[in-house]
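Read off the chains here:
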Amino acid sequence: MTASPELSTPQLASPDLLRSVFRQHAAGVAVITAQGDHPVGFTATSLNSVAAEPPLISFGVGTSSSSWPVIARAEHIGVHILGDHQQDLAATFARSGADRFAPPTGWRSGPEGVPVLDGVLAWLVCRIINRVPAGDHRIVIAEVVVGDPAGGGRPLLYHQGRFNGLKD
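Calculation notes
- Residues numbered from 1 in each chain as written.
- Predicted model: local features only at pLDDT ≥ 70, side-chain atom pairs only at ≥ 80, totals over all residues.
- Heavy atoms only, no water.
- Helix = DSSP H or I, 4+ residues; strand = E, 2+ residues; numbered from the N terminus.
- Rg over C-alpha atoms; globule rule 2.2 N^0.38 Å.
- Contact = heavy atoms within 4.5 Å.
- Buried < 20%, exposed > 50% of the residue type's maximum accessible area, 1.4 Å probe, protein only.
- Pairing = 2+ DSSP bridges.
- Axes fitted to C-alpha atoms, helices over the stretch in contact; angles between N-to-C directions.
- Core = buried A, V, L, I, M, F, W, Y, C linked by side-chain atoms within 4.5 Å.
- Salt bridge = Lys/Arg side-chain N within 4 Å of Asp/Glu carboxyl O.
- Arc of directions from axis to C-beta.

S.K.: Which parts of the structure should I look at to understand the overall build of the chain?
M.R.: Check the secondary structure of the chain and you find three helices and twelve strands. Relative to the 2.2 N^0.38 estimate, which gives 15 Å for 168 residues, the radius of gyration of the chain is 17 Å and therefore close to what a compact globule would have. Referenced to the eigenvectors of the C-alpha coordinate spread, the extents of the chain come out at roughly 60 × 40 × 35 Å. At a minimum sequence separation of 6, the contacts of the chain that also span at least 24 residues come to 61%.

S.K.: Please clarify how the environment of Leu56 should be interpreted in this entry.
M.R.: Looking at the element boundaries, Leu56 is found in strand β5 (residues 56-62). What makes Leu56 buried here is its relative accessible area of 13%. Separated by 85 residues in the primary sequence, Leu56 and Ile141 have C-alpha atoms spaced 6.8 Å apart. For Leu56, the contacting residues outside a window of four places in its chain are Asn48, Ser49, Val50, Ala51, Ile129, Ala142 and Glu143.

S.K.: Looking at this structure, I do not really get the sheet that holds strand β11 (residues 156-159). What am I missing?
M.R.: Strand pairs in the sheet, formed through backbone hydrogen bonds, run parallel or antiparallel to each other. If you trace the three strands from one edge of the open sheet to the other, you get β1-β11-β12, paired in antiparallel fashion. A strand with exactly one partner marks an edge of an open sheet, and here the two such strands are β1 (27-28) and β12 (162-165). Inspection of the sheet shows β11 paired to β12 by four bridges, in the antiparallel sense. What sits directly across from Leu157, in β12, is Asn164. Across the sheet, helix α3 (residues 87-94) is in contact with β11 and β12; its angle to β12 comes to roughly 155°.

S.K.: Even after reading the chapter, I still don't get the nonpolar core, so can you show me in this structure?
M.R.: Side chains of nonpolar character tend, in soluble globular proteins, to be buried together. Ile32, Phe59, Ile71 and Ile77 are the most contacted members of the largest nonpolar core, which totals 18 residues. Looking at this core, the elements that each hand over two or more residues are β2 (30-35), β3 (39-44), β5, α2 (68-73), β6 (76-81), β9 (122-134) and β10 (137-148). If sequence neighbours within four positions are ignored, Ile32 has contacts with Val40, Gly41, Phe42, Ala44, Phe59, Ile71, Ile77, Gly78 and Val79. Listed in part, the 15 residues of the second largest apolar core include Leu82, Ala90, Phe93 and Val114.

S.K.: Looking at this model, I keep getting lost on the pattern of salt bridges. Mind explaining?
M.R.: Between side chains of opposite charge, a pair can form as their charged atoms come close. Applying the stated criterion to the full structure yields three salt bridges. The partner of Arg108 in a salt bridge is Asp118, and the shortest N-O contact between them spans 3.1 Å. Separated by ten residues along the polypeptide, Arg108 in strand β7 (residues 107-109) and Asp118 in the loop between β8 (115-117) and β9 bring together distant segments of the chain. Note on Asp118: relative accessible area 40%, which makes it partly exposed. A salt bridge links Glu143 to Arg127; the nearest nitrogen and oxygen atoms lie 2.9 Å apart.

S.K.: Please clarify how α3 should be interpreted in this entry.
M.R.: Each turn of an α-helix holds 3.6 residues, which means side chains three or four residues apart point in the same direction. All of the buried residues in α3 are Leu89, Ala90, Thr92 and Phe93. Take α3 and look down its axis: the buried residues cluster within an arc of 160°, on one side only. On the buried face of α3, the contacting elements are β2, β3, β8, β11 and β12.

S.K.: It is not clear to me how the environment of Ile32 should be interpreted in this structure. Could you clarify?
M.R.: Residue placement: Ile32 occurs in strand β2. For the pair Ile32 and Ala44, spaced twelve residues apart in sequence, the C-alpha to C-alpha distance is 6.8 Å.

Here it is, written out as structure tokens:
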């Protein structure tokens, strides 16, 4: 079999290759929150539904992130599905050194003391059941405790290094 003329030369595995490939993958945008001495949170595009019975989710978090020390000790976390109207909120929670919970971010202390963000499409509070080492990250697996799917709107996506909404 010969290679198609449209294919370029394959590259050996590297962090840059992985980043380049995943820029082609559109992902939903979520914010993960937890409460320590102060609230922490970060933007995540690695959120996954793992199982329906029991209801489990997973996400990745870098061990060098400012949120990791709190996530490493937390019993519960908040998961927030962002709408396409929340690009600024996603950018705030993605920015290193930002005061993520200062105005204009609207939030309240929710179930289990977890910070719950205002105006999201849906949110969950989950109990962490495992933290699995994965390179310079940890894969956090958590069981859903309570949530609200009632927010309205369209989801925010991350593609080609930018936050975007769905197009009809």
